[in-house]
Each structure stands twice: as C-alpha cells, then as structure tokens.
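# Structure assessment
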Amino acid sequence: IFFYLLLTGNSFKVKDSTKWIIAVFATLAFGEFIWEFTHHYSYPEALKEWISQGKSIEEFIKYYDNSTMITIGAIGRYFHYLLIIWLSLQLYKLKQIKIWNPIVNVILSLMGIVSATVIYVTQFNIPKGFEILLFFFIPGFPFLLLYWLGVALLTEFKKSEIGD
C-alpha cells in the first residue's frame, strides 16, 4: 500500500512512465516472493507425499526444484536487486540517504545479480569455491538490503519532521 501511495502521490519526483515501470517491477518482485515462499512452505508436505509413494529423496529434489523453479527464482532475484538499486539511487538523488548507502546497496545487489546468473547457468550446481554466492540468492538477502535502506531513511529524518 505504501509503495502504491508513493507512486501515485507527488512526493516521489520521477517521471510518470518511470513510476509505472517501477510499479510493474515491484509487483513482479512481490509476486515472485509470494510464489517462492509458498513453494518452500509446501516442501515438507510434498516430500512426505513423495516418500509415502516409495520414491527416492534424490529424485524428489530434481522434481521439486527443477529448472523451471530455478529460472523463476533467478528472474525474481533480478527484479528484486534491480529494484533495490533503483530505489537506492533514487533516494540518494532526492537527498534522503547518504552516499555510502547506495554504494553498498549497489555492490551487494550486483553480487546478487551475479549469484542469480551463476545459479541459473549452472542449474544450482555451483562451482567449488563459489558457494558464497548462495548467500546472495536466498530470499532473505533482498529483505536485509531493504531493511537496511529503511533504517537509513529513518535515521535521516529530522526530529521536527517526525513530530514531537
């Protein structure tokens, strides 16, 4: 709701076409998160059903997290990280956050994009020595960056803007 109000109001000074492109990105990113969390939430029940049918666990992993699921996850990470990069740069441009925040967010988001690309290309067969990239692919990492961005926004408010 906040994102919708932000885009429809006048407080975010960007072109209308840009607002709606970002709204589409945000909707797709949010939709992917919902799909992914539902997919992972259903994992235990699906595994139990699979085992009760006498099938092997190794086959279940190939079946449940197949190439379609990996592709959707990688595309979702592209949306998440591109949205975080755009939001960080836009907030800095509007002088709402300090320069270090978008620099760190862009670097970490680029690592997330690299991670999504490596995971997509290798189909989760990450080369030895590159296992750290998995940290950037888990759904919680974009949330961490957004949380950090929110804290930066809150620390930039002047006390008179918040109210007494």
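Residues numbered from 1 in each chain as written. Predicted model: local features only at pLDDT ≥ 70, side-chain atom pairs only at ≥ 80, totals over all residues. Heavy atoms only, no water.

Glancing now at the overall build of the protein chain. Looking only at helices and strands, the protein chain has 9 helices and 0 strands in total. If you list the helices and strands of the protein chain from N to C, you get α-α-α-α-α-α-α-α-α. Out of the 164 residues belonging to the protein chain, those deemed buried represent 33%. In the protein chain, of all internal contacts separated by at least 6 residues, the share reaching a separation of at least 24 is 66%. Summed over all atoms, the accessible surface of the protein chain reaches about 10,600 Å², with 70% contributed by carbon and sulfur. (Helix = DSSP H or I, 4+ residues; strand = E, 2+ residues; numbered from the N terminus. Buried < 20%, exposed > 50% of the residue type's maximum accessible area, 1.4 Å probe, protein only. Contact = heavy atoms within 4.5 Å. Areas by Shrake-Rupley, 256 points an atom, 1.4 Å probe, with all protein chains shown as cover.)

Between its first and last C-alpha atoms helix α6 (residues 100-122) spans 33 Å; for 23 residues at 1.5 Å apiece the expected length is 33 Å, and the two agree. Inspection of α6 places N101, P102, N105, S109, G112, I113, S115, A116, I119 and T122 among the buried residues, and these make up the whole buried set. A positive phi of about 55° marks Q123, the residue just after α6. (Expected span 1.5 Å × (residues − 1).)

It is worth spelling out the nonpolar core at this point. Grouped together as the largest cluster of nonpolar side chains are 9 residues: I22, A26, L83, W86, L87, L91, I97, L149 and A152. Taken together, the elements giving at least two residues each to this core come down to α2 (16-41), α5 (67-93) and α8 (140-156). With 4 residues, α5 is the single largest residue contributor to this core. With sequence-adjacent residues up to four places away left out, A152 is seen in contact with Q96, I97 and N101. Of all hydrophobic cores here, the second largest spans 7 residues; its members include I84, F136, F141 and L145. (Core = buried A, V, L, I, M, F, W, Y, C linked by side-chain atoms within 4.5 Å.)

Bringing the environment of L82 into the picture now. Summarising the element assignment, L82 is placed in helix α5. The spacing of L82 and I22 is 60 residues in sequence and 9.6 Å in space, taken between C-alpha atoms. If near-sequence neighbours (up to four positions away) are discounted, L82 is found in contact with F25 and I113.

Scope: geometric values only; no functional claims are made or implied.
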